[in-house]
Structures are given as structure tokens and as C-alpha cells.
Amino acid sequence: MSTTIAGVFFVLSLVLFVALAYRYFGDYLYRVVSGTRHSAVERLVYRLVGVNPAGEQSWPVYARSVFAFSLLSLLFLYGFTRLQSKLPLSLGLPGMSPHQGWNTAASFVTNTNWQSYAGESTLGHLVQMSGLAVQNFVSAAVGIAVSVALVRGFARSRTQALGNFWVDLTRITLRVLLPVAVVGAIVLIAGGVVQNLSGGTDVSTVAGGTQHIPGGPVASQEVIKELGTNGGGFYNANSAHPFENPTPWTNWIEIFLILLIPFSMPRVFGRMVGDRRQGHAILAVMAVLAVASVILVNTFELLHNGTVPHAVDAAFEGKEVRFGISDSATFVAATTLTSAGAVNSFPDSYTALGGMVPMVNMMLGEVAPGGVGSGLYGILMLAVITVFVAGLMVGRTPEYLGKKISAREIKFASLYFLITPAVVLIGMAVAMATKNRETMLNVGPHGFSEVLYAFTSAANNNGSAFAGITVNDQWWDTATGLCMVIGRFLPMVFVLALAGSLARQRPVPASAGTLPTHRPLFIGLVVGVVVVLIALTFLPVLALGPLAEGL
Amino acid sequence: MTAVAPSVEAPRQIGGGLLDPRQLWKSLPDALRKLNPATLWRNPVMFIVELGALFTTALSIQDSSTFAWLITVWLWLTVIFANLAEAVAEGRGKAQAATLRRARQETVARRLVDWAPGQSAPREETVDAVELRQNDVVVVEAGQVIPGDGDVVEGVASVDESAITGESAPVIRESGGDRSAVTGGTRVLSDRIVVKITQKPGESFIDRMIGLVEGASRQKTPNEIALNILLAALSIIFLLAVITLQPVAIFSKAFQGAAPNTLTINEHGVTGIVLVSLLVALIPTTIGALLSAIGIAGMDRLVQRNVLATSGRAVEAAGDVNTLLLDKTGTITLGNRQATEFLPVGGVEASELADAAQLSSLADQTPEGRSIVVLAKNRHGLRERDEGVVPSAEFVPFTAETRMSGVDLPGDGATPDRRIRKGAAAAVMRWVRENGGHPTEEVGGVVDGISATGGTPLVVAEHVAGQPARALGVVHLKDVVKAGMRQRFDAMRRMGIRTIMITGDNPLTARAIAEEAGVDDFLAEAKPEDKLALIRREQEGGRLVAMTGDGTNDAPALAQADVGVSMNTGTSAAKEAGNMVDLDSDPTKLIEIVEIGKQLLITRGALTTFSIANDIAKYFAIIPAMFAVVYPTLDGLNIMRLSSPESAITSAIIFNALVIVALIPLALRGVRYRPSSASSLLGRNLLIYGLGGIAAPFAGIKVLDIAIVQFIPGIS
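All of these numbers come straight from a predicted model, not from anything done at the bench.

> Just give me the short version of the packing of aromatic side chains, but keep the residues and values in it.
All names here are of chain A. One pass over the full model with this rule turns up 21 aromatic pairs over all chains. Here the aromatic rings of Tyr-453 and Phe-466 are separated by 4.9 Å at their centres, their planes lie at 35°, and the arrangement is tilted. On the criterion of sequence distance, the pair formed by Tyr-453 in helix H16 (residues 444–459) and Phe-466 in the loop between H16 and helix H17 (474–504) is long-range, its members being 13 residues apart. Each member of the pair Tyr-453 and Phe-466 is classed as buried. Here a set of aromatic residues connected by ring pairs shows up, and it is made of Tyr-62, Phe-69, Phe-165 and Trp-166.

> Residues and numbers for the interface of chain B and chain A, please.
Between chain B and chain A, the contact holds 61 residues from the first and 59 residues from the second. Overall, the association of chain B and chain A removes approximately 5,100 Å² of surface from exposure, summing both partners, and the carbon and sulfur fraction of that is 76%. Contact with chain A buries area across many residues of chain B, yet Ile237(B), Phe251(B) and Leu682(B) alone supply 12% of it, more than any other trio. On the surface where chain B and chain A come into contact, there are 12 residue pairs in polar contact (both at pLDDT 80 or more). Looking at which element gives the most residues to the side of chain B that touches chain A, the answer is helix H7 (residues 222–243) of chain B, with 14 residues. Looking at the side of chain B that touches chain A residue by residue, the class counts come to 37 nonpolar, 17 polar and seven charged.

> Before we move on, could you go through the nonpolar core and cite the residues and values that matter?
Counting 323 residues, the largest nonpolar core has Ile261(A) and Met580(B) as its most contacted members. Looking at this core element by element, the count peaks at 21 residues for helix H21 (residues 589–627) of chain B. Ignoring anything within four residues of it in the chain, the contact list for Met580(B) reads Leu302(B), Val307(B), Leu308(B), Ala309(B), Ala314(B), Val315(B), Ala318(B), Val563(B), Gly564(B), Val565(B), Ser566(B) and Ile593(B). With 22 residues, the next largest nonpolar core counts Val348(B), Leu362(B), Ile372(B) and Leu409(B) among its residues.

> A description of the sheet that holds strand S9 (residues 192–197) of chain B should follow, citing residues and the corresponding values.
Residue and element names in this part refer to chain B. Taken in spatial order, the six strands line up as S2-S1-S3-S9-S4-S7 in an open sheet, and their pairing is antiparallel. Of all the strands in the sheet, the pair left with one neighbour each is strand S2 (123–128) and strand S7 (181–182). Inspection of the sheet shows strand S1 (residues 108–113) paired to S2 by six bridges, in the antiparallel sense. Counted as the bridge partner of Leu-112 is Glu-124 from S2.

> Hey, could you go over the pattern of salt bridges for me, with residue numbers and the actual values?
For side chains bearing opposite charge, pairing can occur when the charged atoms are close. With the rule as written, the count across this model stands at 43 salt bridges over all chains. Glu301(A) is the salt-bridge partner of Lys319(A), the closest N and O atoms lying 2.6 Å from each other. In this pair, Lys319(A) sits in the loop between helix H11 (307–312) and helix H12 (324–337) while Glu301(A) sits in helix H10 (residues 276–302), placing the two residues 18 residues apart along the sequence. Summarising the burial analysis for this pair, Lys319(A) and Glu301(A) share the class buried. Among the ionic pairs, Glu141(B) bridges to Arg110(B), the shortest N-O distance being 3.3 Å. Separated by 31 residues along the polypeptide, Glu141(B) in strand S3 (residues 137–141) and Arg110(B) in strand S1 bring together distant segments of the chain.

Each value, and the rule that gives it
Residues numbered from 1 in each chain as written. Chains lettered and ligands numbered in written order. Predicted model: local features only at pLDDT ≥ 70, side-chain atom pairs only at ≥ 80, totals over all residues. Heavy atoms only, no water. Phe/Tyr/Trp six-rings, centres within 6.5 Å; stacked < 30°, edge-to-face > 60°. Helix = DSSP H or I, 4+ residues; strand = E, 2+ residues; numbered from the N terminus. Buried < 20%, exposed > 50% of the residue type's maximum accessible area, 1.4 Å probe, protein only. Contact = heavy atoms within 4.5 Å. Buried area = accessible area lost by both parts, 1.4 Å probe. Polar contact = N/O pair within 3.5 Å; in protein donor to acceptor, adjacent residues only side chain to side chain. Nonpolar A, V, L, I, M, F, W, Y, C, P; charged D, E, K, R; others polar. Core = buried A, V, L, I, M, F, W, Y, C linked by side-chain atoms within 4.5 Å. Pairing = 2+ DSSP bridges. Salt bridge = Lys/Arg side-chain N within 4 Å of Asp/Glu carboxyl O.

What follows is the structure, given as C-alpha cells:
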């Protein structure tokens, strides 16, 4: 039982620090995104990019800016991976194939960080540092910027202006992500994460053979991988690799970094709309779902139901002994509840139901707390749908924070919540209907889980892998790349369109007849809508995968 | 509108909308007609069900089995039940429209050519009523039917409007003022009036009413459109979930090669019948089936209360109203000042004051005067004396100059001459002084006290021959607030609606009445333009405003308000400007209109919640039924322990269809609505329709399985 108690302490300490972060880091984030002053560096950036930081954008302009920036990033990163062999610090590695280059570029620009390659044997230091790591920063900043634009839609009235994407992007990168990353990297280096530009060391092993120990700028990339809920590991083994995540306490730090921004965003929301209780309510929805999920994964793994786990008295397969069951399970829950997708153990080796929970976490649309920014806008879109149904039940045209949720708003919210499940289901079905399913490692329901997980992870921009399945052939690279791009940018259009529509409205003053959106009843209702409307959509396919295997 | 025919005066059914089973039967042909895909596609959810039913019909013909036919029949029934709901809702309107059509008789109009005000003998020509144009002038005499909507420009007449209002008592219509509007199809009972036609041909009030009650001009309301979008999105997701399941099912069946082929799954995957069943079970059929019936029934409930809304949008807006503007007179108060108290001064007995006041009011036929007589009788048992009882009494009428009225009673030897006066304090006190009296400060105190509470003080004084005149006391006249208004306003407040009283009174009086009635705010000394400004101000703050009005000068405000209810007695200008007409001309009805609007939205929300919550049980019925034969562990999901896969699926589909029929009465009647705060409404409705929606299908499907379906040959 001591492992259980240790696990409980591990989770409770995380909860405590995340709660503190919500309060203080959330306030800091709020000041960053709502401030009016520009630092000298920022002014220089604006001058170089050629934007007027005082000029605000309407939603189409904001959306176009997001897409222009992301398209440029995509092309740049694609070129980078393809031309690697001609660049310095390539460690003699060749360029990527076209489909893998596309997949990698799509993956990092969409904040998915799905890796169809093995980092240490595919990419040199330059691409890792100035290609992938840069995207780790800016793709995270894009997500936060879009969520802030949506919140401005709620907070503002009778305006077209949703803020300036370039200003949001620059500030979030320079004032939030960079400073925290620098501090975090130093902490991780202190914990034993490597940071060098070495091409690797060849050592003689005890058995007499030689082994290549790859080095590299790991800590600097590791920290933003977690902080920006990116998840793309320097090494193929991701956070299970001792150079990325050496000890249980760096494991704690990494989970904390994953949760830091997503759980702070509701505070930004509450502050910006001028009612902190609204932020608390959104936080509560996220927390209920997250805590339930963490408890479930831990329970399934610690109860180690199944033949092999029974034989060895633990569901230890595929988990690092230095973390143990609980710290691994909690990591996996955290990484799929957010859009991080970093892993310190692989769900393929989990118990069937234990492996299903991370899948469900992603299927929910990653809203508890979700990716940086994307989690907040995801849950707000679901809250809009909840408000609509619940609002009708109190006998008024539904309104959320004084903004009416009428046909136009519900159209955008509906389209938003349609996209990701559609992409998951269609991708999965095409793979299962064609020979492409044959790259799965296992057979039967477990093999199917591998396919389902892959598309769930890609479409929801998570990037974690169930493992087992081989996904780096041309079809898989192309298909998952498409899923990632559609799953990221199409919903953003609807988020920004909704923001534009909300911002134009004149707010309706609250009265006793207004549905209160900060009470436990409403919190429970959002949780219910998330579970019934979304999770149940996937029940049929889950039945043929993990449920068939695990019941 | 239960009583459209002039002769029938049935009590109005306020709860309204109880379903007569015969209506279901009568509407069946309409329901079948609605199966036409060209019209059904407007309802995406039911359209999907119909396509599914067509598909399973083809499959059943191809590969016949009891199970396949059973599912097919119930899928068709699902669509028919949905159509039935709509047909029943429309059917009620159609009956009313038929009665109205009878009122729209072919009439002949006597058009006046070159009519001008005051002209004695204009040229007259006879034309068909349908040929009348706007601004034509017609003459109508006793016994004739008014050929079109218009305003009386000359004369006064009593008019029988029972054809549209159901009210058999005739009403007076006269030129000028706010009672000048007449409606085509109504009959002049006495006298002669000249009417200027205001309608365009074919757009008369009755035409509009017919269109409205028939639902011909029914357009989807904003919230209905929004809800339809959500339902369509849900349907698409479930469609995808079902279609994409097939490759996985084929893969799973192939993996478990030893699993037998059954009616639910074979080597080609899940059978078409079962796939369609899963889809129909998951898409929100309940709300999809009842959505339009709810909207039609909502309008119908208004019509039953004799309110005509020109658009469904207005009914919905009524539910959203934040501010109610209510005219004081006739809405909040009874309409006239009434005596409520006798306040004697200078040691005079209250009964003595009452007696004097009564004597002085015997000839006073104003409502105030009558109320004094009534109060004297009620408080002091003073029987009403006819004017003749005091034979020699000489009554002094009220004049604007003296500002008092009274009575002179000549002496008969035993009693001296006695004169009594009542009136405005200043006038009566001057009269007292003129007749040798020295009024004390006391009277002034009482008068000021009454004024301060918004009442009207009426001082009563007497002068007996040979003695100095003296003030007897003060009669307190005040506006009497209608019974129950305070409770209604409290209810409004709980619903989050602010009530504002509009009055021409001075601020002091207005405040007192506002406090007594319990309204939230008041607008005193209100002129029409003040009303308009107030509405604009409220709307600036994002609020929706509802008001009633009847006069032409109300028209701009009625047009500006989000919900403008004009009185049927009002002018055509007012009726045109508002978006609802109350045929009973009862301004208090605004409150009911708001409640109907809310009830409409609540019914939609509640049934949507119910529909979505239903899905949980259906998953647990159908998923194990589909796949337990492939993966026996999935029988663990069969928590209802249904007897066989076929029985489980059939029971789910039958439940799905029956629940539509079961909820038709609720859709037509609307869910129970009690004014309360949003929180408590939500809590209550979630409990009933959310938790109920989760629990009901578990019970229903299980019961169907045990009781019927498992005994059908070929199912168990």
C-alpha cells in the first residue's frame, strides 16, 4: 500500500501547487495579455514584423494572421527537416522523407508533437533547437492567443476588435513562455537532464560491445515541451528516457509544467470578464474531470487486472521502475488531459481499461484542462452548448456572461464540437477499412486500440502514442498530418468567428431570471454535457477496443 | 379563441392544450401526408429516420425476418408519430381558422366618392369588399357588416365584434380618440358610421388571424433555428459514429472468426437493420419530433388567451423580456379613485362625518361620489338613501369654479337649515371661513398626510343655520390597486423582470401607488415621448422591453418596444405598431404573455435535455446487443439484462417511438411553469427532465423487453 500512499501524496502535492499557480500565475498571465505597455524588445519585434501594436484586429483579420503565421511556420519547418543534411549540427543525419517532413512540420506547428520519427536517430541539434523548439514556443503561444481572443469576445461589447494577434503572440512568448522555460530548464539540469551540443559518446558496455549515448540540448527543449503542452521528446522514448526525465522529482516538475498554464487560463478568463467566479466555475469543471481521470487510471493500474499483471503482481510492463506505477499513471493522465502528449510510459502496455482512460481524456476534446489556450477555448465552446440547452430550460434566450447564444453562436459552437470527433472517426474508419490497419502490432481489440488511439491523439493535437503501431509509412504520415492540421485550425476558425459574434453584441444585464453560470449546478451540467454528448459518441468504438478487452 | 362563433361563450381554457385522443385519429391523414420527403427534409432529424426506414424496408424485403420487419414498422411509426404531433398541433389552429373564415363573408361595400369631413351628401357607389383600397371611405349602417379594417372618421355606432373576440357584448366605436378602429367582418348594430379603410386588399385583420392560427405564416423562431442547428450537428456526429463503426465491426468479426453469424452481425459487419436502429436510437428523435409542435402549441396557447401575435419571434421575445412597462390606470389600479376612509376632525364622530359625506354625495354620479356612498354603507351601515328620500334637499353640483359640491337641506321647524359641502381642501376651508367658522390646524394636518401618501383629500364641512360653519373631517380618496398585483409583481421580480408603472399623476402620487402595488419603478407625469425615451434607455442597456398601449400616441412606443401588445379597442395605428393584439383589451395580460413565452422556451429545453439523456440507456441496450456475440465480455454492458440481442434492439426502438406519443400532450400543453428564479427553475427541470430522461428509458426498455418483445416469435 505504500506505493498507493506515495501516489496519493504525489497527486495531492500537484493539486496544491496547481491551485497556487491558478491564483498567482493566472493573475500574471492576465496582466500580460491585458497590459497596454510594450517593452523595448517587443517594440523592436513589432517594427521588424511591421505591425502597429496599437491596431486591433477583427475576427477575420485575427484568423488570417493566425493562419498566415502558421502556414509560414509549416513551410519553414518542412524545409528545415528536408534540408537537414546541408545544415550545420546535423550530426551527419540525412533529411527527412517528404511525408515524414510533412508529418513533423504539421505536428509541431499544430502543437500536437506527434512523432513519427525517433528523435535521436533522425534529427540533428540545429533542427531540434531552431526548428522544433521554436515551434514548441510559438505554437503554444498561438493557442493561448486564440483563447484570449475568444475571452475578449465575451468581455467586450459592441466592437469588432479582438486584440492584435502579433502582439498577443509576442507577449506570450517573451513574457510568459521564455522566462518560465529558462528557470525550468535550469531546474531540470539540476535534476540531471542533459544540456550540451555533443554528437554523442560511444562507450563500451559491460558485455563488451559499444553503445552510442546521444547527447544534445535536451533540458532547454524538455522544459518547453511540457510548459507549452507540446510533448515532442528529444529522444524517442520521450519522458521515459533518463536524460529527459531522470528522477521522480523531475517527473513531478514535468507534470507540474504541463498543468501550469492550462489550469491558470480559467483565471485569466475570470479576470478578463470581470467575474472571478466564472473562472472558478470553469476551473471546477476541468478539475472534476481531471481528478476523476487521474483516479481512474491509477485505480486500473494499481488493481492490475489481467493475466500478466496478476502473475507479476503489478501492471509494471512498459513502466519505468524509477517512477513506479502511480507516478507513471498520473503522468499519462496529465499528458492526455492536456494536449501535451509527452509520456513517461506507454499506454499500449497499460491494462486495457487503464489505457482507455487516456483515450477518453483526449476524446473529450482535451478540455480538462486541455492544451495551453486550446483547453480554455474548448471548454468554453462546450459551456456555450451547455448554456444553450440549460438556458432554454429557464425560459429565456440562453445567454452566457450577458451574451446571447442565438442561432449564429450555436452554429459556430456546433461546428466546433463536430470537427474533432468527425476527424477521429473518419480517420480511424479509413485505416480500419484499408490495408493500412495492418501496421498495428497487436491483433484484435488491442490492435484496434492502437489505431483508434493514433487518430484520437492526432486529431486532438495531443501527440502521445499508444505505441505498438508503426505509423511512419507514407499513408500514416500523410493521414495523421492531415488530421492534426484539420483538428487544429478548423476549430480555431469557429472559435474566432464566435468571438467576433460575441464581441459585437450588447450585453444583457444579469437578473434573477439569468442562468447563473458559476454555481455547482452549472458546473455539474457542463461535466454532464461533456460526458454524455462527447464521451458516449465514442462508446461504440471503445466497446470494440479497450472495453472488449478489459471487461 | 375557444369561442369564435358569436353565440358560443365557452369558458376560456387557461391551462389549455389537453389532448383529445380523437384528435390523434383525426390528424392521422395529415400525418401520413407529411411523410413526403419534400416537406420532411425541413426537419433533419426526422428526415434521417425516414431515410433509415426506407433503407430497412428495402433490406426487409430482400432478407425477410420478423426482427427486420418489426424494426422497419416501428421506424415508420416513429416518423408518423412525429408528424402526428405536428398535425395535431396544427389541427387545433385549423378548426379556429374555419370559424374565422365564416366571419369573412363576401360583403358589399358602399364606397363614398369625394368624401370630405362634414360633407352632408357625398356620392355613393356599391363595390365588392375585396376591391376596396387603402384610404377608400365607406359608410356602414345598422345591420351591415363592416367591409374592411379601418378607422371611424364620422359618427358613432355600437359594433358586434364577437366574430373576432368571442365577446358577445357590443362595443362602441366612434370617430376621433382611441376607440376609432373597426375590424372587417364585424357588424354594426346601431347608428351609422363612416369608415376610412386602412388595410391593404387581402391583408385584413381576419386574413392575418387565419394565417396565424393555421400556421400558414409560421416561420421558425430564432431559438427554434438555433436548436435545429444543434440537433442537426448532433445527428451528424451520431451518423458518423454509426457509419465509421462498420469497418471496425468487420475487423472484429473477422478476428473472432468462430463467432456465429446472427441477425445483428455477420461477416459483412453489423447488419443494416441494426445500424439504422443504433442511429435512430442515438439521434435526438424525441425533441426532433416534437420541436415544431411545441412552437405551434405555444402560439396556440396565446390564441386561447385571445392574444394574436404577428410572429413567433414576438412570443419568444416575450420570454426574454427584462422590463415591463405597465400603465397605471386599468392595469395596476382599478381605474378610478375610491373613498377608503373617513377621517373626522374636532371631536366629530366618524359616523357623523360619514352621514354628511353620504348626504352630499347622493346626487354625485361620479365614481368618486358613488364610492363615498358605498363606503358609508360598508363602514357605518348607512343605508343608501335615494335622492327622493330627502324631498326638499337641493343638490349643489360640482363646478370648476367652486371646486366643491354639496347639498342644502332646508329646516322643518324642529331642525334648522343645514348646508353640507365637500371638495378640495382650500375651497372648502374658504367656504367655512366665509360662513363664520374658524378651522383648526387639525384639518390641514390630515389633508397633508393624505396628500403625502399619494391620496386625494376631500374635505367635508357643514353649516347649520345660526352656528359658525365647521369642518367635519376628510374623506380619503385613493387609487385602489387591483387585488393580487403585488404578488404578481413579486413573481415578476423572482423571474428577473423589472416592472415600471407609467402614469400621468404627479411624482408624489405615483410614488405612493408604486410602493403600494410593489412595482420596481415608475414614470410620473408621463407623456408619450417620455415613454419612448424610457424604452430607448432600457434598450440601450441591453434590456428587452414589453408594453401595452391603445392610443395612436402609443404607436411609436409600441413599435419601439420588443413586445408591444396593443388593445383591440385601440386605434389601427396602435394595432399596426405593436406585434401582438389582445382581443380582450386587458392590459394585465402582458404578464401572462411573458409567462407563455417562457413556458415555450422551457418546454423546448426540457425536451431537448430529456432526449439527450435518453441516449445513455439506449447505448447500454444496443451496444452489447450488437457485439456481445463477437466479444462475450461486452455482455457486461448489458446492465438491463435484456433477454436477447433482437429483443434489446426492438425494445429500444419501440420505446423511442412510444415516448414521442407519450410526450405529445406535454409538448402541446407546455411544461409546468411557476414563476421563480433561474436557479430553481433549472434545478427543478434538470431533476425531472435530466434525471428522468436518464431513468425513464432504462425502465421503459426493460418493461417492453419483459412484457412483450421477448415473447414475439423470432425475437427471443
